[in-house]
Amino acid sequence: MNLFSPAEVVANYAAAGAAKTRLPVWKILLLGMLAGFCIATAAAAANVISHNAGAAASVRLLSGLVFPLGLIMVILLGAELFTGNCLISIAVLDGTATVGGMLRNWSCAYVGNFVGAALTAAACVYAGQLHYSDGGLALFTMKLAAAKCALAFVPAVLLGVLCNVLVCAAVLLALSGKDLCGRAAGAYFPVAFFVMCGFEHSVANMFYVPAALFAKSVPLYAQKAADAGLDLSGLTWKNFLAGNLLPVTLGNVVGGVLFGALMWGCFAKKKT
């Protein structure tokens, strides 16, 4: 077969996860920035293709078809994505990595992801990329981010859990493939599902909300929002960091760690 079995995938990730914990800090940060850029550009492309779609179902469908390409780029480029790296829990349970090493990787990858995604958001806004449809893309971006900032804490956590179960499933499915097409297909469908369902991904939000916050500071876009009657009072850095990013990140961690533990418990060869 041109696939690794689930047991082989878990064993392979236990080794790969352990190697991730031993990377130097500078490399995790740089590869984290690369991952943030990949996810951010996928989010930007998803916004472009869906901002004039109208019905919510059409927006979800079009976004879901495009966004998964970001994770495929992350996997094929060997970048460090915080949400996918929650699977390092497999290596910890297998005894090939330590909790301290896992937390070190997570923190460095998270910072790198944020820097890469936020810089991409700033570049898109101040380069005029949101001018599509006479500023309609900027309006769509701000409306989407305002809805994210309005999420209550518990729903944001639960949406984060559901999201990262699918993201981590996508990572393991990608690793089950032995060729380019198999790896890409494995990563594609779970991510498409989470986007279509509207689940919350912390790294994607590091693009979506900062892009809207930067757009809000542009007079032309702010006027577009005012003309459309869009209330941006809740779209603030404080609401983003404390009201969205924090609970979504917590949910992503819980979902990823539990999924990793499930896969390890079911498929890992237990050491005597």
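The structure contained in this document is the topic of the report that follows. Nothing here was measured: the structure is a model prediction, and the numbers come from that model. One numbering rule holds for all chains: residues counted from 1, following each sequence as written. Totals for whole chains, interfaces and linings use all residues, but because this is a predicted model, local features are given only for residues with pLDDT of at least 70 and pairs of side-chain atoms are given and counted only at 80 or more. Note that the side-chain values use all heavy atoms of the structure and ignore hydrogens as well as water.

Moving on: the packing of helix 1 (residues 6–21) against helix 12 (residues 237–267). Angles run from 0 to 180 degrees between N-to-C directions of axes, and those axes are lines fitted to C-alpha atoms, restricted for helices to the stretch in contact. In this description a helix means any DSSP run of H or I spanning at least four residues, a strand means any run of E spanning at least two, and both kinds are numbered starting from the N terminus. Close contact between helix 1 and helix 12 brings their axes to 9 Å; oriented N to C, the two are set at 120°. Considered as vectors, helix 1 and helix 12 are oriented oblique to each other. The two elements helix 1 and helix 12 cross, and the hand of that crossing is left-handed. Of helix 12, the residues touching helix 1 (which contributes Pro6, Ala7 and Val10) are Met263, Trp264 and Phe267. Angles below 35 degrees are treated as roughly parallel, those above 145 as roughly antiparallel, those between 65 and 115 as roughly perpendicular, and all remaining angles as oblique. Note: crossing handedness is left-handed where the near helix turns anticlockwise from the far helix by less than a right angle, and right-handed where it turns clockwise. When checking whether two residues touch, look at their non-hydrogen atoms; a contact exists if any pair is within 4.5 Å.

Take the nonpolar core next. Ranked by internal contacts, the top residues of the largest apolar core, which has 56 residues, are Phe67, Phe194, Phe207 and Leu235. Take this core: its biggest share by element is eleven residues, from helix 10 (residues 202–216). Remark: nonpolar core denotes a set of buried residues (Ala, Val, Leu, Ile, Met, Phe, Trp, Tyr, Cys) joined through side-chain atoms within 4.5 Å. In this scheme, a residue with accessible area under 20% of its type's maximum is buried, one over 50% is exposed, and one in between is partly exposed, where area comes from a 1.4 Å probe on protein chains only.

Our next topic: unusual backbone geometry. Phi is positive for serine 133, close to 55°, though the residue is something other than glycine. When you line up the elements, serine 133 lands in helix 7 (residues 132–149). Overall, the relative accessible area of 37% leaves serine 133 in the partly exposed class. Look at aspartate 134: it is not a glycine, yet its phi comes out positive at around 55°. Within the secondary structure layout, aspartate 134 lies in helix 7. By relative accessible area, aspartate 134 is classed as exposed at 62%.

Our focus in this paragraph is helix 3 (residues 56–66). The set of residues buried in helix 3 consists of Val59, Ser63, Gly64 and Val66. Viewed along the axis of helix 3, the buried residues span an arc of 165°, placing them on a single side of the element. Where helix 3 is buried, its residues touch helix 2 (25–50), helix 4 (68–77), helix 7 and helix 9 (180–197). By construction, the arc corresponds to the directions joining the helix axis to the C-beta atoms.

Here leucine 103 shows up in helix 6 (residues 99–126). A relative accessible area of 44% places leucine 103 in the partly exposed class. Separated by 15 residues in the primary sequence, leucine 103 and isoleucine 88 have C-alpha atoms spaced 9.4 Å apart.

Here we come to the packing of aromatic side chains. Here the distance between the centres and the angle between the planes together describe a pair of aromatic rings. Here is the rule: rings of Phe, Tyr and Trp (six-membered ring for Trp) pair when centre to centre is within 6.5 Å. Planes less than 30 degrees apart are stacked, more than 60 are edge-to-face, and the remainder are tilted. Inspection of the entire model under this criterion finds nine aromatic pairs. Each ring, one from phenylalanine 82 and one from tryptophan 106, has its centre 6.2 Å from the other, and the planes form 80°; the classification is edge-to-face. Of the two residues, phenylalanine 82 sits in the loop between helix 4 and helix 5 (88–94) while tryptophan 106 sits in helix 6, which places them 24 residues apart along the sequence. The class of phenylalanine 82 is buried, set by a relative accessible area of 4%. Assessed through its relative accessible area of 9%, tryptophan 106 is described here as buried. Between the aromatic rings of tyrosine 126 and phenylalanine 214, the centroid separation amounts to 5.9 Å while the plane-to-plane angle is 50°, which identifies the pairing as tilted. Highlighted residues: tyrosine 126 in helix 6 and phenylalanine 214 in helix 10, separated in sequence by 88 residues. Judged by relative accessible area, phenylalanine 214 falls into the buried class, the value being 18%. These aromatic residues form a ring-pair network of at least three members: Phe114, Tyr126, Phe214, Trp237 and Phe240. Whether a charge lies above a ring is judged from NZ of Lys or CZ of Arg, which has to be within 6 Å of the ring centre and within 35 degrees of the ring normal. Lysine 178 extends its terminal NZ or CZ atom over the ring of phenylalanine 4, reaching a point 4.8 Å from the ring centre.

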